[in-house]
Amino acid sequence: YMLSHIQHRHPHALDATEIIHLKTCWNGTLPIARLPPELLSTIFVAYATSIREDYTLSWRDVQPYLWVQVTHVCRYWRDVAIDCAVLWNWVVPASVACTQTILSRSRSAPLIINLNTQLLGRTRVLSDPKAVNIVYKQWARIAEARIDVPHPALRNISAPILRSLDVRSWCSDENALDAEPLFHS
């Protein structure tokens, strides 16, 4: 109210930078901005986990990074979310830019990757092959992987912290069953 009152009475009194500063100060007085960052991070991770589960298990159209909306609420929430590495550890490599941002923000947190190279009758975010190659360079950090089609890069990997690998192959090519096995004993 005060900001709109000042702008109405003195339309040229504040420039854009000053308005942003006033809005940031105002937002900082709200109760939600006084939650400790640890608690807010826990809430964000719980929300992101629910989105991830819907994306992984559901046949519905679920956007994998819908939870990123929390970074648009206010500057405090954005800073807390960006600083929470585990919030950014789930990678759906839909584009090179998105994948690079996620990997950067996840810092050294163990990664969970979800690669979709076929639609499989559902609406899904398909993995960008260039982004997939970026992810495959991170095998030392990958703790869980869900892959719908085996990738040649899986043949010679070192994944010291990998604890779960879910590989699904949906193929109508009868000759594909004669392909070289993914794992050798």
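In the block above lies the structure referred to throughout.
Residues numbered from 1 in each chain as written. Predicted model: local features only at pLDDT ≥ 70, side-chain atom pairs only at ≥ 80, totals over all residues. Heavy atoms only, no water.

Chemist: Help me get a handle on the packing of aromatic side chains, residues and values and all.
Modeler: Under the criterion given, the structure shown has five aromatic pairs. Ring geometry for tryptophan 67 versus tryptophan 88: centroids 4.8 Å apart, planes at 65°, classification edge-to-face. Taken together, the positions of tryptophan 67 in the loop between helix H3 (37-57) and helix H4 (75-83) and tryptophan 88 in the loop between H4 and strand E1 (90-91) put the pair 21 residues apart, joining distant regions of the chain. As far as the burial class goes, tryptophan 67 and tryptophan 88 line up, both buried. On the basis of an interplanar angle of 10° and a centroid distance of 5.6 Å, the ring pair of tyrosine 136 and tryptophan 139 is categorised as stacked. Through a chain of ring-to-ring contacts, three or more aromatic side chains come together here, namely Tyr65, Trp67, Trp88 and Trp90. Across the ring face of tryptophan 88, the terminal group of arginine 105 is positioned such that the distance to the ring centre comes to 4.7 Å. (Phe/Tyr/Trp six-rings, centres within 6.5 Å; stacked < 30°, edge-to-face > 60°. Helix = DSSP H or I, 4+ residues; strand = E, 2+ residues; numbered from the N terminus. Buried < 20%, exposed > 50% of the residue type's maximum accessible area, 1.4 Å probe, protein only. Lys NZ or Arg CZ within 6 Å of the ring centre and 35° of its normal.)

Chemist: Report on the pairing of strand E2 (residues 111-115), specifying residues and quantitative values.
Modeler: In terms of burial, E2 is a largely internal element, five of the five residues being buried. Residue alternation in E2 divides its side chains into two sets, Leu111, Ile113 and Leu115 and Ile112 and Asn114, and both sets are buried. One ladder, built from two bridges, connects E1 with E2; its direction is parallel. From the neighbouring strand, tryptophan 90 faces E2, where its bridge partner is isoleucine 112. Note that E2 and strand E3 (residues 142-147) share five bridges and pair parallel. In the strand pairing of E3, leucine 115 is matched with isoleucine 147. (Pairing = 2+ DSSP bridges.)

Chemist: Help me get a handle on the sheet that holds strand E4 (residues 164-167), residues and values and all.
Modeler: Across the sheet, four strands lie side by side as E1-E2-E3-E4; this open sheet has parallel pairing. With partners counted over all chains shown, the strands left at the sheet margins are E1 and E4, one partner each. Lying on the sheet, helix H6 (residues 129-136) is in contact with E1, E2 and E3; it crosses E2 at an angle near 150°. (Contact = heavy atoms within 4.5 Å. Axes fitted to C-alpha atoms, helices over the stretch in contact; angles between N-to-C directions.)

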